[in-house]
2 protein chains.
Amino acid sequence: MFFKAHEIVKGISEGSLTAISVLQKCFENINSDENEIQAWVCLDRDGASDRAKMLDSMRKSGKAIGPLHGVPVGIKDIVDTVNLPTSFGSSIFTDRKPTSPARIIELLEMAGAIVVGKTVTTEFAFMNPSKTKNPINKEYSPGGSSSGSASAVAAGHVPIAIGSQTNGSVIRPASFCGVYAIKPSSGIIPRTGVFETSKTLDQMGIFANCLEDLAIVNDVLSDYDSRDASCRPVPRPSLTEMITDPPPIEPKFVWLSLEYLDNLDNAVKDGFLQIREILGDKIEIVDAKEATKRLVATHKTIHEYQLLENLEPINKENPGKMNKLILGALERAQSISSNDVSLALEIRKEAQNFFESLFLDYDAIITPSALSEPPLLKEKSTGNPVCCTIWTLCGLPCFNIPLLTGENGLPIGVQLVGKFEEDDRLIRTAKWLQKYLTDAVSAQKTS
Amino acid sequence: MFFKAHEIVKGISEGSLTAISVLQKCFENINSDENEIQAWVCLDRDGASDRAKMLDSMRKSGKAIGPLHGVPVGIKDIVDTVNLPTSFGSSIFTDRKPTSPARIIELLEMAGAIVVGKTVTTEFAFMNPSKTKNPINKEYSPGGSSSGSASAVAAGHVPIAIGSQTNGSVIRPASFCGVYAIKPSSGIIPRTGVFETSKTLDQMGIFANCLEDLAIVNDVLSDYDSRDASCRPVPRPSLTEMITDPPPIEPKFVWLSLEYLDNLDNAVKDGFLQIREILGDKIEIVDAKEATKRLVATHKTIHEYQLLENLEPINKENPGKMNKLILGALERAQSISSNDVSLALEIRKEAQNFFESLFLDYDAIITPSALSEPPLLKEKSTGNPVCCTIWTLCGLPCFNIPLLTGENGLPIGVQLVGKFEEDDRLIRTAKWLQKYLTDAVSAQKTS
C-alpha cells in the first residue's frame with residue numbers, strides 16, 4: 001500500500017481517516033518487512049502514537065489542520081531530533097542526543113507531520129553502502145546516501161521521507177527505488193541542525209509517491225533561516241500554487257550532450273531515446289561537453305576539501321572509526337589548497353552563469369537520474385552519482401520522476417533540472433511532462 | 001494616504017506599482033510630519049531602497065513574489081535587527097547592535113517585506129510615556145508601549161508595523177490611534193530575538209489598516225520555533241484562508257459584565273450600547289465579575305515578578321538609568337514570592353478553562369479596547385491597559401477594530417476576543433461584524 005500525503009490530509013480533514021489509524025497502518029507495513037529491508041535506525045512508536053492522538057483531538061475540537069496533518073515522515077539520521085538519537089550513520093555518535101531539533105523538524109511539526117523514526121544514512125552521508133536493501137528487489141542497492149529514506153517510501157513504510165544530497169544522494173536513490181524526489185534549489189530549505197559535510201554543496205531533499213506530495217512538503221520546508229549561510233532573505237517559490245497551473249505555453253526541453261553520458265547503460269539509453277522521440281520538436285539537443293568538462297572535478301575539489309574541514313577533527317579524536325572510502329577522501333583532501341578551492345568556486349560561478357543563460361531558451365533539462373539500474377548489493381557500491389553532480393554543484397532544482405524500467409525490471413528515473421530558484425516553474429513542467437508521456441504511451445498501446 | 005499591504009502586493013505583482021515607488025511614497029509621508037509625530041527611533045533609508053530594488057528585479061526576472069512583496073514595515077525597537085540598532089527604548093542600550101535578527105524579521109524578509117526602521121517603544125516596553133504623539137491629534141497620547149508602531153501606521157508612514165503586548169500594549173495604542181490590530185493567541189508568533197519582559201505574558205502583535213492585512217502578516221509570522229518555550233509544535237490557524245469564508249451560521253457574541261467596565265467613560269459606554277442594540281439577539285450579556293475578579297491582580301503578580309527577573313540584573317549593572325515607573329514595579333516585585341507566582345499561574349489556568357467553556361456558547365467577546373479616548377499628552381500617561389489585561393493573561397486572540405468615535409473626535413476601538421488558538425474563526429467573525437455594523441449604520445443614515 002502506497003500512501004499519499006495529500007490523500008491522508010484530505011481524509012483526516014474530512015473525517016474519513018484518523019491520524020492514529022494511518023500511523024498504525026504505517027507500523028503494520030514497517031513490521032511486515034523491515035527485518036529484510038532495514039530502512040530504519042530507530043522508531044518512536046510511543047511518541048508518534050501520542051502525537052497522532054493529539055493531532056486527532058485538535059481536528060475534533062475544530063483547531064487548525066496543517067498541510068501535513070497526521071502524515072508520518074521518516075527522517076535521515078543526519079538531521080537532529082530531540083525524541084530520537086541522531087548518529088550520522090557513525091559508531092562514534094551512537095546514542096548522540098541533540099537538545100534542540102533541526103529547523104526542518106520544527107517546520108514539519110508545525111505542518112502537523114509525525115516523525116516516525118530515523119532512516120538509515122551511509123556513514124556521514126558519504127559513499128560506503130549501508131545495510132539497507134532495495135524494496136523492489138532485495139538483491140539490489142537502494143543507492144545512497146539517503147538509503148533508508150528512499151527505501152522507506154518505496155516499501156510503503158511512510159508516504160514521505162527527508163534526505164539530503166551533496167552529490168547524488170537524493171535523486172540517485174529515488175531513481176533506484178522508483179519513487180518521486182525533489183532536491184530544491186540550494187538555500188530554499190535550511191540546513192540548521194543537519195550534519196554538515198560541505199557548506200557549499202549540502203542540500204536537503206524529499207522522497208514521496210507523487211509530485212503533489214513533493215510540492216506540499218517542499219513548501220512546508222521552504223524557509224529563511226539566517227543561521228544557514230546558504231539561505232537568502234527573499235520569497236521562496238510556491239510549488240503547491242504552481243503545480244495546479246497548466247504552463248502558459250507548451251514547455252521546451254533540452255537534452256544536454258555530456259561526457260559522462262557515454263557511459264549510460266543500454267536500457268537507460270533506449271528509454272531516453274523513446275522519450276526524445278515522443279517529445280519530437282519539444283526537445284532540442286545541445287552539446288554542453290565543453291561548458292561542463294571541468295565540473296565533475298570541480299565538485300570533487302570542493303566536496304573533499306570541505307569534507308576534510310568537517311570530518312578531520314572528528315577523525316582525529318576517534319582514530320580508526322571511519323570507513324576506508326571516507327579516509328581515502330580525507331587523505332586526498334590534504335593536498336587540496338585553499339587556492340584550488342577558490343578556483344573551483346570560480347568555475348562553479350561560471351557554470352551557474354552558463355545555466356542561467358541556457359534556461360532563457362528552455363524550461364527544463366531532461367537527463368537520466370543515474371547511469372543504470374541499481375547495482376547488485378554484492379557489488380558493494382551505492383551506484384555512480386555522476387548524473388547528479390553538475391546540478392548539485394550549481395545548486396539547481398532537480399526532480400526524479402520514476403518513469404522507465406530497465407532490463408532487470410528495476411526502475412530508471414527521469415531527471416528534470418530547472419533554473420535556480422524557479423522550482424515552482426519546474427514542478428509545473430514536471431507535471432506537464434508526466435502527463436504528456438503517460439498519455440503518449442497509452443495512445444501507443446491502444447493504437 | 002493610507003496604504004494597504006495587500007493592495008501594494010497586488011500592484012507589484014501586476015506591474016502597476018514597484019517596490020521602490022511604494023517605498024519612496026512612505027519616506028515622503030515620513031518626511032512630511034515625523035518631526036512632530038516622532039514615531040521612529042531610526043530609519044534605514046539606504047538599506048530599504050537597496051532591498052526594494054532587489055525585490056523589483058526579482059519580480060521582473062519572474063522569481064517568486066512573497067505575500068508581503070515590497071511592503072514597508074516598521075518594527076518596535078525591542079525586536080532585534082542586524083542593519084539597525086535595537087535599544088529597547090533605553091539609554092543603556094543606545095547603539096546596541098545584534099549580530100542576528102529576531103525570528104520574526106526572518107519571516108518578514110522571507111515574505112518579501114522591507115524593514116524601513118525601528119519604531120519608538122516606551123522604555124523596556126513598560127508604562128512610562130515615550131516622545132511619540134497621536135497622529136490624529138498631536139495633543140494626545142498614542143498609547144503604549146508600542147507607541148511608534150501604532151502612530152506610524154495611523155500617520156500613513158507604513159502600512160504595517162509590529163508591536164508587542166504584555167498587558168495592553170498593542171490593542172490600546174491601536175484603539176487610541178484608530179488602526180486595526182491583532183494580538184494573536186500566545187505561542188502563535190515566536191518571540192526569539194525579542195526583548196523579554198515576561199516569559200508568560202509577552203506576545204507579539206500587528207498594526208495595519210484593514211483586517212485583510214492583519215491576516216496576511218499574521219500568517220507570515222505564525223511559526224513554530226522551539227527556542228521560544230511558548231510555541232507548541234502544532235499547526236497554526238490560517239487567517240488568510242478563513243477571512244474569505246462567510247461564517248457557516250450567524251455568529252453569536254457575548255458582552256461580559258466586568259468590574260473595571262464600571263469606569264468606562266460615557267462616550268465609550270454609549271458607543272457599545274448602540275452596538276449591542278444593533279446586534280439585538282445576536283449578543284447576550286454574561287456576568288463574569290465573579291469568574292474574573294482576581295485576574296487583574298493575578299496578571300500584575302506574574303508581570304512584576306518576571307519583570308524583576310529580566311530587568312533587575314540590568315538595573316544592578318546600570319544604577320539610576322531606568323525610569324521611576326519601572327523602578328517602582330521592581331521595588332514592589334521584591335516582595336512577590338515564587339509561591340505567589342505559582343498560585344497566580346494556577347488562577348490563570350482556571351481562567352483559561354473558564355474561557356474555553358465560555359467559547360462553546362459564543363464566537364467572540366465584544367468589549368472595549370480601552371476605557372476612554374486617549375489621554376492628553378500633558379496627563380503624562382499612556383492610558384489604562386485594563387481592558388486588555390484579562391485576555392493577555394489568558395493568551396486569548398484579540399482584535400482592535402476602529403469603529404467608534406468619542407466626544408473629542410478621537411477613535412474608540414471595539415475589541416473582539418476569541419477562543420485560544422482559534423484566531424482563524426475570530427477573524428471570520430470580525431469580518432462579519434465589521435460588515436454587519438457598517439451596513440446597519442448606513443441603513444440608519446438613509447432611513
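All figures in this text were calculated on a predicted structure; none of them were measured in a lab. (Residues numbered from 1 in each chain as written. Chains lettered and ligands numbered in written order. Predicted model: local features only at pLDDT ≥ 70, side-chain atom pairs only at ≥ 80, totals over all residues.)

1. Focus on the overall build of chain A
Here is step 1 of the chain: Helix and strand counts for chain A come out as 15 helices and 11 strands.
Here is step 2 of the chain: Here chain A has a C-alpha radius of gyration of 21 Å; the compact-globule value for 447 residues is 22 Å, and the two agree.
Here is step 3 of the chain: With the C-alpha coordinates of chain A rotated into their principal frame, the extents come out at 65 × 60 × 45 Å.
Here is step 4 of the chain: The buried share of chain A, taken over its 447 residues, is 56%.
Here is step 5 of the chain: Intrachain contacts of chain A at a sequence separation of at least 6 include 78% that bridge at least 24 residues. (Helix = DSSP H or I, 4+ residues; strand = E, 2+ residues; numbered from the N terminus. Rg over C-alpha atoms; globule rule 2.2 N^0.38 Å. Buried ≥ 20, exposed ≤ 12 C-beta atoms within 10 Å, placed from the backbone. Contact = placed C-beta atoms within 7 Å.)

2. Observations concerning the environment of Gly 413 of chain B
All names here are of chain B.
Here is step 1 of the chain: One can find Gly 413 in strand 11 (residues 411-417).
Here is step 2 of the chain: Judged by the 28 C-beta atoms lying within 10 Å of it, Gly 413 is buried.
Here is step 3 of the chain: With 45 residues separating them along the chain, Gly 413 and Pro 368 place their C-alpha atoms 6.2 Å apart.
Here is step 4 of the chain: For Gly 413, the contacting residues outside a window of four places in its chain are Ile 171, Ala 174, Ser 175, Ser 369, Ala 370, Asn 400, Ile 401 and Pro 402.

3. Things to note about the interface of chain A and chain B
Here is step 1 of the chain: Contact residues are listed per partner, giving 26 residues for chain A and 26 residues for chain B.
Here is step 2 of the chain: Per-element accounting of the side of chain A that touches chain B gives the leading share, three residues, to helix 4 (residues 103-110) of chain A.
Here is step 3 of the chain: Broken down by class, the residue content of the side of chain A that touches chain B amounts to 11 nonpolar, six polar and nine charged. (Nonpolar A, V, L, I, M, F, W, Y, C, P; charged D, E, K, R; others polar.)

4. Digging into the sheet that holds strand 1 (residues 40-43) of chain A
Residues and elements named next belong to chain A.
Here is step 1 of the chain: Pairing within the open sheet is mixed, and its 11 strands lie in the order 1-3-2-4-6-5-10-11-9-7-8. A single partner strand is all that each edge strand has here, and the edge strands are strand 1 and strand 8 (283-287). Geometrically, the sheet is characterised by an average inter-axis angle of 30° between neighbouring strands, direction not taken into account.
Here is step 2 of the chain: Where strand 10 (residues 398-405) and strand 11 (residues 411-417) come together, seven bridges link them in antiparallel fashion. Its bridge partner being in strand 11, Cys 398 is matched across the sheet by Val 417.
Here is step 3 of the chain: Packing against the sheet, helix 7 (residues 211-221) makes contact with strand 4 (160-165), strand 5 (180-183) and strand 6 (203-208), and its axis sits at approximately 145° to strand 6. (Pairing = 2+ DSSP bridges. Axes fitted to C-alpha atoms, helices over the stretch in contact; angles between N-to-C directions.)

5. Considerations on unusual backbone geometry
Here is step 1 of the chain: Of note, the bond from Gly 144 of chain A into Ser 145 of chain A is cis; its omega dihedral lies within 30 degrees of zero at 0°.
Here is step 2 of the chain: Note that Ser 145 of chain A resides in the loop between strand 3 (114-119) and helix 5 (147-154).
Here is step 3 of the chain: The backbone phi angle of Ala 125 of chain B is positive, close to 55°, even though this residue is not glycine.
Here is step 4 of the chain: Inspection of the secondary structure puts Ala 125 of chain B in the loop between strand 3 (114-119) and helix 5 (147-154).

6. Digging into the relation of the copies chain A and chain B
Mapping between the two chain copies consists of a rotation about an axis together with a translation along that axis.
Here is step 1 of the chain: For the pair chain A and chain B, the best superposition has an RMSD of 0.0 Å and corresponds to a rotation of 180° with a translation of 0.0 Å parallel to the axis. Expressed as an axis order, the relation between the two copies is that of a two-fold axis.
Here is step 2 of the chain: The share of interface residues of chain A whose copies in chain B are also at the interface is 100%, consistent with both copies meeting through the same surface. (Least-squares fit on C-alpha atoms with pLDDT ≥ 70 in both.)

7. Regarding helix 1 (residues 5-14) of chain A
Residues and elements named next belong to chain A.
Here is step 1 of the chain: Those residues of helix 1 that fall on the buried side of the exposure criterion are Ala 5, His 6, Ile 8, Val 9 and Ile 12. On an axial view of helix 1, the arc spanned by its buried residues comes to 155°, and they lie on one face.
Here is step 2 of the chain: Elements in contact with the buried residues of helix 1: helix 2 (19-37), helix 3 (45-60), strand 4, strand 6 and helix 7.
Here is step 3 of the chain: Backbone geometry just after helix 1 places Gly 15 at a positive phi near 95°. (Arc of directions from axis to C-beta.)

8. A word on the nonpolar core
Here is step 1 of the chain: In this structure, Val 73 and Leu 416 of chain A are the most contacted members of the largest nonpolar core, which totals 126 residues.
Here is step 2 of the chain: For Val 73 of chain A, the contacting residues outside a window of four places in its chain are Leu 108, Ala 113, Ile 114, Val 115, Val 116, Val 158, Ile 160, Ala 161 and Ile 162 of chain A.
Here is step 3 of the chain: Formed by 125 residues, the second largest nonpolar core is a distinct cluster that contains Tyr 224 of chain A together with Leu 68, Ile 302 and Leu 416 of chain B. (Core = buried A, V, L, I, M, F, W, Y, C linked by C-beta atoms within 7 Å.)

9. What to know about the environment of Gly 89 of chain B
Residues and elements named next belong to chain B.
Here is step 1 of the chain: Following the sequence through the fold, Gly 89 ends up in the loop between strand 2 (72-76) and helix 4 (103-110).
Here is step 2 of the chain: Overall, the presence of 26 C-beta atoms within 10 Å leaves Gly 89 in the buried class.
Here is step 3 of the chain: Excluding its chain neighbours within four sequence positions, the residues that come into contact with Gly 89 are Asp 77, Val 120, Thr 121, Thr 122, Glu 123, Phe 124 and Ser 130.

10. Quick look at the sheet that holds strand 7 (residues 253-257) of chain B
All names here are of chain B.
Here is step 1 of the chain: Ordered in space as 1-3-2-4-6-5-10-11-9-7-8, the 11 strands form an open sheet in which the pairing is mixed. Both outer strands of the open sheet, strand 1 (40-43) and strand 8 (283-287), are each paired with one neighbouring strand and no more. Averaged over all pairs of adjacent strands, the angle between their axes in this sheet comes to 30°, without regard to strand direction.
Here is step 2 of the chain: Pairing geometry for strand 2 and strand 4 (residues 160-165), over three bridges, is parallel. Bridging across to strand 4, Gly 74 finds its partner in Ala 161.

11. Some words on the pairing of strand 6 of chain A
Residue and element names in this part refer to chain A.
Here is step 1 of the chain: Strand 6 sits mainly inside the fold: six of its six residues count as buried.
Here is step 2 of the chain: A two-sided burial pattern is seen for strand 6, the buried positions comprising Gln 203, Gly 205 and Phe 207 on one face and Met 204, Ile 206 and Ala 208 on the other.
Here is step 3 of the chain: Bridging between strand 4 and strand 6 involves five bridges; their strand directions are antiparallel. In the sheet register, Gln 165 faces strand 6, and the bridge partner there is Gln 203.
Here is step 4 of the chain: As paired strands, strand 5 and strand 6 are joined by three bridges and run antiparallel to one another. Bridging across to strand 6, Tyr 180 finds its partner in Ala 208.

12. Section: the packing of helix 11 (residues 295-317) of chain B against helix 12 (residues 324-333) of chain B
Residue and element names in this part refer to chain B.
Here is step 1 of the chain: Across the interface, helix 11 lies against helix 12 with an axial gap of 9 Å and an inter-helix angle of 115°. On the basis of their axis angle, the class for helix 11 and helix 12 is roughly perpendicular. Helix 12 is crossed by helix 11, and the crossing has left-handed handedness. Across the interface between the two elements, Glu 304, Tyr 305, Leu 307, Leu 308, Leu 311, Glu 312 and Asn 315 from helix 11 touch Ile 326, Ala 329, Leu 330, Arg 332 and Ala 333 from helix 12.
Here is step 2 of the chain: When grouped by side-chain class, the residues that make up the contact of helix 11 with helix 12 number eight nonpolar, one polar and three charged. (Parallel < 35°, antiparallel > 145°, perpendicular 65-115°, else oblique. Left-handed = near helix turned anticlockwise from the far one by under 90°.)

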